[in-house]
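# Structure at a glance
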Amino acid sequence: MKKVAFLLADQFEDSEMQKPYEAIKLAGHDAVIIGLKKGEKLTGKQKQATYTTDASIKDVKAEQFDAVVIPGGSSPEGLRLDPDILQFVQEMNKQDKPISAICHGPQILISAGIASGKTLTSYPPLQDDLKNAGATFVDQEVCVDGNLITSRTPKDEPAFIRETLNKLRSTVSQR
């Protein structure tokens, strides 16, 4: 069983949180919702999903997790300027642990400084942001470049979930 962090703030894209979260739990992994504050109630953009954070980013370390998932919507915008979020993602990357980001999720990869030299996808209007950060943008349902897994929109969730679970199966727990 792997321990997977979900980085979440208010106004996430409902299905981009719900479907990967449920799939990871169904596969037998431990899914932990991490936000800026522990016990904070967060609501999706579509108002179809509500989650309460299990932990504050200040109380966790990358070493405690095997992977991280970054749902899209407006959530990444609410997280990308927090230095603890960025440090967590940078540490996960240094440890070569899977980082899955969908839709606007790659905004955090950009702010963490780990997009440069990578081939990534995202919500299509972010392609210039990725290119300006030194990444190669591809318009495809899922892109895997090393430990980074990226997808564009809710319609790409099946491929996003498949590749995230594949990466979890192929990585050895470092905890």
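Structure's up top.
About the thresholds
Residues numbered from 1 in each chain as written. Predicted model: local features only at pLDDT ≥ 70, side-chain atom pairs only at ≥ 80, totals over all residues. Heavy atoms only, no water. Helix = DSSP H or I, 4+ residues; strand = E, 2+ residues; numbered from the N terminus. Buried < 20%, exposed > 50% of the residue type's maximum accessible area, 1.4 Å probe, protein only. Salt bridge = Lys/Arg side-chain N within 4 Å of Asp/Glu carboxyl O. Phe/Tyr/Trp six-rings, centres within 6.5 Å; stacked < 30°, edge-to-face > 60°. Lys NZ or Arg CZ within 6 Å of the ring centre and 35° of its normal.

### What about the environment of threonine 119?
- Looking at the secondary structure, you find threonine 119 in strand β8 (residues 119-120).
- Threonine 119 sits in the partly exposed class, given a relative accessible area of 27%.
- Counting along the chain gives twelve residues from threonine 119 to lysine 131, while the straight-line C-alpha distance between them is 9.6 Å.

### Here's the deal with the pattern of salt bridges
- Within this structure, the stated rule accounts for nine salt bridges.
- A salt bridge links aspartate 156 to arginine 152, with the shortest nitrogen-to-oxygen separation between them at 2.8 Å. Arginine 152 matches aspartate 156 in its accessibility class, with the two residues each being buried.
- Several salt bridges share partner residues, and in doing so they unite Asp139, Arg152, Lys155 and Asp156 into one network.

### Examining the packing of aromatic side chains
- By the definition in use, this model includes four aromatic pairs.
- Between phenylalanine 6 and tyrosine 21, the aromatic rings sit 5.4 Å apart at their centres with planes inclined by 80 degrees, giving edge-to-face as the arrangement. One end of the pair, phenylalanine 6, is in strand β1 (residues 3-7); the other, tyrosine 21, is in helix α1 (residues 14-26), with 15 residues separating them in the sequence. Judged on exposure class, the residue phenylalanine 6 and its partner tyrosine 21 are both buried.
- Between phenylalanine 12 and tyrosine 51, the ring centres sit 5.8 Å apart and the planes meet at 55 degrees, which makes this aromatic pair tilted. Here phenylalanine 12 is found in the loop between β1 and α1, whereas its partner tyrosine 51 is found in strand β4 (residues 50-52), with 39 residues between them in sequence. One exposure class covers both phenylalanine 12 and tyrosine 51, and it is buried.
- Put simply, the rings of Phe6, Phe12, Tyr21 and Tyr51 pair up and form one aromatic cluster.
- A cation over an aromatic ring shows up here: lysine 3 above the ring of phenylalanine 65, its NZ or CZ 5.0 Å from the ring centre.

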